[in-house]
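# Fold and geometry: a report
Here is what each chain is made of, one letter per residue.
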Amino acid sequence: MSDAARSTGSCNARIEVPTPSWLTTTVLSWWLEPTHIPPHRGQFAPFEYSFYTGLTERHGLVDLFRHLHADAVEHSWARRADLGYRYDHAHGSPAVAQRLTACEYVHETREAGTDGTRLTDHSGLAVRVSMTATTSLLTSDPAAAATHAEPEPTLF
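Rules of the game
- Residues numbered from 1 in each chain as written.
- Predicted model: local features only at pLDDT ≥ 70, side-chain atom pairs only at ≥ 80, totals over all residues.
- Heavy atoms only, no water.
- Helix = DSSP H or I, 4+ residues; strand = E, 2+ residues; numbered from the N terminus.
- Expected span 1.5 Å × (residues − 1).
- Bend = angle between axes of the 7 residues up to and from the residue.
- Buried < 20%, exposed > 50% of the residue type's maximum accessible area, 1.4 Å probe, protein only.
- Contact = heavy atoms within 4.5 Å.
- Polar contact = N/O pair within 3.5 Å; in protein donor to acceptor, adjacent residues only side chain to side chain.
- Salt bridge = Lys/Arg side-chain N within 4 Å of Asp/Glu carboxyl O.
- Phe/Tyr/Trp six-rings, centres within 6.5 Å; stacked < 30°, edge-to-face > 60°.
- pLDDT = per-residue confidence, 0-100.

### Thoughts on helix α2 (residues 46–58)
Between its first and last C-alpha atoms α2 spans 16 Å; for 13 residues at 1.5 Å apiece the expected length is 18 Å, and the helix comes up short by more than 12%. Helix geometry: α2 is bent most strongly at Y52, by close to 30°. Along α2, the positions that sit buried rather than exposed are E48, Y49, Y52, T53, G54 and L55. Taken together, the buried residues of α2 touch β3 (62–63), α3 (64–68) and β6 (88–92). Positive backbone phi, at 70°, marks G60, one or two positions downstream of α2.

### Let's talk about the environment of A72
Within the fold, A72 resides in the loop between α3 and β4 (77–80). Classification of A72 by relative accessible area gives partly exposed; the value is 27%. Distance from A72 to I37, taken between C-alpha atoms, is 9.3 Å for residues 35 residues apart in sequence. Apart from residues lying up to four places away in sequence, A72 is in contact with F65 and R66.

### Examining the side chain of E33
If you trace the backbone, E33 turns up in the loop between β2 (23–27) and α2. In terms of polar contacts, E33 uses its side chain to reach the side chain of R66, at 3.0 Å. Reaching out from E33, the side chain makes a polar contact with the side chain of R86 at a distance of 2.9 Å. Once residues within four sequence positions are removed from consideration, E33 is found in contact with Y49, Y52, D63, R66 and R86.

### What about the pattern of salt bridges?
Within this structure, the stated rule accounts for three salt bridges. In this structure, R66 engages E33 in a salt bridge whose closest nitrogen and oxygen atoms are separated by 3.0 Å. With a gap of 33 residues between them, R66 in helix α3 and E33 in the loop between β2 and α2 connect regions that are remote in the sequence. Judged by relative accessible area, R66 falls into the buried class, the value being 17%. Accessibility expressed as a relative area gives 3% for E33, which makes it buried. A salt bridge links R86 to E33, with the shortest nitrogen-to-oxygen separation between them at 2.9 Å.

### Looking at the packing of aromatic side chains
Considering all chains together, one arrives at four aromatic pairs under this definition. Seen from their ring centres, W77 and Y85 are 5.7 Å apart, and the 45° between their planes marks the pair as tilted. Among the residues examined, W77 registers a relative accessible area of 18% and is labelled buried. Within the aromatic cluster, the residues linked to one another by ring pairs are W77, Y85 and Y87.

### A look at the confidence of the model for the protein
Looking at the protein, pLDDT values average 74 and 67% of them are 70 or higher. Mean pLDDT per element in the protein: helix α1 (residues 3–7) is the minimum at 34, and α3 is the maximum at 95. Across residues 1–19 the pLDDT falls below 50, and counting only partners more than four positions away or on other chains, this stretch makes 32 contacts in the model.

Below, the structure is given as structure tokens:
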């Protein structure tokens, strides 16, 4: 498969990643990393920080943004320019973190369009991992799959 096909999300190959491999994204507006900047002291209860540390310390997941940007200050939601929060996270297993090539916030999703509306009040989070295709993935026409004409129907 070409690099272009891999980077555009082509679904014609099976990807094998050493187990266990997990990728989870969350949009939870009630928890922060304990080292959040600004610290917002007094605004959050201990359990709101504990959820984050539970994912990282108790379950061994890696904050993928922090993995690549240890000291960066980013806010995925902001009431105003000087009062932002990094509410939106992507956590992955160490196997996923080893293959991580990029993890960036996409702030355009919360910017007002020409008509004054916004897609959302949260920034998107783009995660890119590098994986190697090892075998072809059977793909099917959804219309044919609905008639059971193909042995292993898929949604692609």
